[in-house]
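Residue strings, one per chain:
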Amino acid sequence: KVKVRFVHVSSMSTVPEKVDIYSGDTKIAAGVERGDVSRFQQIDGGITTIGVLTAGSTDMNAIKSLTVQNLDAGKIYTVLIYGSTEVNARVISHN
């Protein structure tokens, strides 16, 4: 398993104020607000893509798919959700 948390640091209204984070069709963090940090979640390792969707939306066609570095099992990560005109992600490894 991987321990991961999400930090929403986008600066503009074009990126939703509150987002849900997905791995495939599975929501792994819900309602992460701009300027907020989620709790650490344990998820399966090997993920290379996350999805970002406006919090509470059920329109999976609107999900923004973001490529991230491989999240290796046994590691701890923070994923920054950022952007001014579009949503992006950056992974920080803690070990």
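Now for a quick tour of the structure. (Residues numbered from 1 in each chain as written. Predicted model: local features only at pLDDT ≥ 70, side-chain atom pairs only at ≥ 80, totals over all residues. Heavy atoms only, no water.)

### A word on the pattern of salt bridges
- Here the structure, examined in full by the defined rule, presents three salt bridges.
- Its salt-bridge partner being D20, residue K27 comes within 3.4 Å of it at the nearest N-O pair.
- The exposure class of D20 is buried, given its relative accessible area of 3%. (Salt bridge = Lys/Arg side-chain N within 4 Å of Asp/Glu carboxyl O. Buried < 20%, exposed > 50% of the residue type's maximum accessible area, 1.4 Å probe, protein only.)

### What to know about the side chain of T78
- Relative to the helices and strands, T78 is located in strand β7 (residues 76-82).
- A relative accessible area of 4% means that T78 is categorised as buried.
- Here R5 takes part through its side chain, which lies 2.8 Å from a polar atom of the side chain of T78. (Helix = DSSP H or I, 4+ residues; strand = E, 2+ residues; numbered from the N terminus. Polar contact = N/O pair within 3.5 Å; in protein donor to acceptor, adjacent residues only side chain to side chain.)

### As for the sheet that holds strand β8 (residues 88-93)
- Judged by pairing direction, the sheet is mixed, and its four strands sit side by side in the order β4-β1-β7-β8 without closing on themselves. Each edge of the sheet is formed by a strand with only one pairing partner; in this case those strands are β4 (41-43) and β8. Across this sheet, the average inter-strand angle for adjacent strands is 35°, counted without regard to direction.
- When β7 meets β8, the two strands line up antiparallel, connected through six bridges. The residue bridging V79 from the neighbouring strand is V91, located in β8. (Pairing = 2+ DSSP bridges. Axes fitted to C-alpha atoms, helices over the stretch in contact; angles between N-to-C directions.)

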